[in-house]
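Structural features, examined
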Amino acid sequence: GDGGGITWLWLHGNGGNISHRVDELAMVHHRLGVNILIFDYQGYGRSEGKPTEEGTYQDARAALEHLEKRTEVAPDKIVYFGGSLGSAVAVNLAVEHPPLGLVLVSPFSSVEDMARLSYPFLPVGWLTRGRYDSLSRIQLFRQPVLIVHGLLDELVPVAQGIKLFDAANEPKRFYAIQGAGHNDTYLVGSRPYYDAL
């Protein structure tokens, strides 16, 4: 399809930088035909500075402003697509500037929750000082939400995605991917995944 003139603002996770998302971006663009803007947070890839929770929010706001200034982008057809850590950034931005819709892949409900589970997902240092409290924020969001989670996610257990889904308002949909872990949802999910998106 032509993507219906929709633009995705892509908020990536903690691992790696935008260069690690090239295959996934290409597949999404090819399958869905949407425009995509992806960027690196402060301290990621070639972006200068040090990563902080507030810094990721500032970077997301700046990326959205950049999109809204572009004449070929319809401001009422922007979808936020957040993966893992990026899902928390997406939820925060969505409450401040509601998008057409919100797609969260492998999200956690809050850093506090994750820390309580003591999963190795949490990088030592800056992230643990943040809160990334998606659980309370998502309750303020009223547009459509799709949450996608791999049932074999070894970093963020699927229960985290379900907890966030339960807190979200309608309209909402939860899509579980059999056999998918934390970083391979787009590969394992194949066609049904793209149909869900």
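A quick note: this is a predicted structure, and the numbers were derived from the prediction, not measured.

Some remarks on the sheet that holds strand β2 (residues 35-38)
Hydrogen bonds between backbone atoms are what pair the strands of a sheet, whose relative direction is either parallel or antiparallel. Strand order across the open sheet formed by 6 strands is β2-β1-β3-β4-β5-β6, with parallel pairing between neighbours. Looking at the sheet topology across the chains shown, the edges are occupied by β2 and β6 (172-177). Averaged over all pairs of adjacent strands, the angle between strand axes in this sheet comes to 20°, irrespective of strand direction. The pairing of strand β1 (residues 7-11) with strand β3 (residues 78-83) spans 5 bridges and is parallel.

Some remarks on the confidence of the model for the protein
Caution applies to low-pLDDT regions: their predicted coordinates should not be interpreted in detail. For the protein, the average pLDDT comes to 88, and 90% of its residues sit at 70 or higher. The lowest-confidence element of the protein is helix α5 (residues 126-129), averaging 54 in pLDDT; the highest-confidence one is strand β4 (residues 101-105), averaging 98.

Quick look at the pattern of salt bridges
According to the stated counting rule, one finds 4 salt bridges in the structure shown. Across the pair R61 and E54 runs a salt bridge whose closest N-O atoms are separated by 3.1 Å. Of the residues examined, R61 reaches a relative accessible area of 24% and is grouped as partly exposed. Judged by relative accessible area, which is 39%, E54 ranks as partly exposed.

Looking at the side chain of H182
By the element assignment, H182 lies in the loop between β6 and α8 (185-188). Under the relative-accessibility criterion, H182 is labelled buried at 7%. Polar contacts involving the side chain of H182 include one to the side chain of D153, which spans 2.8 Å.

Things to note about the nonpolar core
It is characteristic of soluble globular proteins that their nonpolar side chains tend to be buried jointly. Residues L9, Y80 and L102 are the most contacted members of the largest nonpolar core, which totals 36 residues. Those elements that place two or more of their residues in this core are β1, α2 (53-69), β3, α3 (85-96), β4, α4 (111-117), β5 (145-150) and α7 (158-167). Per-element accounting of this core gives the leading share, 7 residues, to α3. Beyond its immediate stretch of four places on either side in the chain, Y80 contacts L9, L11, L64, A90, L93, A94, H97, P99, G101, L102 and V103. Core analysis: the second largest hydrophobic core is formed by 20 residues, W8, V105, I177 and A196 among them.

Considerations on the layout of surface pockets
Each pocket or cavity is described by its volume, and for the largest pocket that value is around 400 Å³. Contributing to the lining of the largest pocket are 20 residues, with G13, R21, E24, H182 and N183 lying nearest its centre. Classifying every residue of the lining of the largest pocket gives 7 nonpolar, 11 polar and 2 charged. Its boundaries defined by the atoms lining it, the second largest pocket holds a volume of some 220 Å³. Around the second largest pocket sit 18 residues that line it, and I6, W8, V79, V103 and L197 are the ones nearest its centre.

Quick word on the side chain of D133
Tracing the backbone through its elements, the reader meets D133 in the loop between α5 and α6 (134-137). At 2.9 Å, the side chain of D133 and the side chain of S136 are in polar contact. Those residues within four positions of D133 in sequence are excluded, and the remaining contacts are S109 and S110.

Let's talk about unusual backbone geometry
That bond from E170 to P171 is cis: its omega, -5°, falls within 30 degrees of zero. The residue S106 is not glycine, and still its phi comes out positive at about 50°. Mapped onto the secondary structure, S106 falls in the loop between β4 and α4. By relative accessible area, which is 2% here, S106 ends up buried. With phi around 40°, S190 is a residue other than glycine that occupies positive phi space. Within the element layout of this structure, S190 appears in helix α9 (residues 190-196).

Basis of the calculations
Every chain begins its residue count from 1, and numbering advances along the sequence as written. It should be noted that, the model being predicted, local features are given only for residues of pLDDT at least 70 and side-chain atom pairs only at 80 or more, the latter also being counted only at that level, while totals for whole chains, interfaces and linings use all residues. Remark: hydrogens and water are excluded; side-chain values derive from all non-hydrogen atoms of the structure. Pairing between strands is defined by DSSP: at least two bridges between them are needed. For the purposes of this entry, the term helix denotes a DSSP run of H or I that reaches at least four residues, the term strand denotes a run of E that reaches at least two, and both are numbered from the N terminus. Fitting a line to C-alpha atoms yields each axis, with helices limited to the stretch in contact; the angle taken between N-to-C directions then spans 0 to 180 degrees. What pLDDT reports is the predictor's confidence in each residue, on a scale of 0 through 100. Salt bridges are identified by distance alone: a Lys or Arg side-chain nitrogen within 4 Å of an Asp or Glu carboxyl oxygen. Relative accessibility decides the category of a residue: with a 1.4 Å probe and only protein chains considered, values under 20% of the type maximum give buried, values over 50% give exposed, and everything between is partly exposed. Under this definition, polar contacts are N or O atom pairs within 3.5 Å; protein pairs additionally need one hydrogen-donor-capable and one acceptor-capable atom, and for neighbouring residues in sequence, both atoms have to be side-chain atoms. As used here, the term nonpolar core means buried Ala, Val, Leu, Ile, Met, Phe, Trp, Tyr and Cys residues forming a set that is joined through side-chain atoms within 4.5 Å. Any two residues whose heavy atoms approach within 4.5 Å at even a single point are treated as in contact. Cavity: a set of points on a 1 Å grid over the protein atoms alone where a 1.4 Å probe fits but cannot get out. Pocket: an open set with protein on both sides within 12 Å along at least five of seven lines, its lining residues, like those of a cavity, having an atom within 4 Å of a point. Grid points are joined across faces, edges and corners, and a volume is the space filled by probe spheres set on the points. Nonpolar residues are Ala, Val, Leu, Ile, Met, Phe, Trp, Tyr, Cys and Pro. Charged residues are Asp, Glu, Lys and Arg, and all others, Gly as well, are polar.

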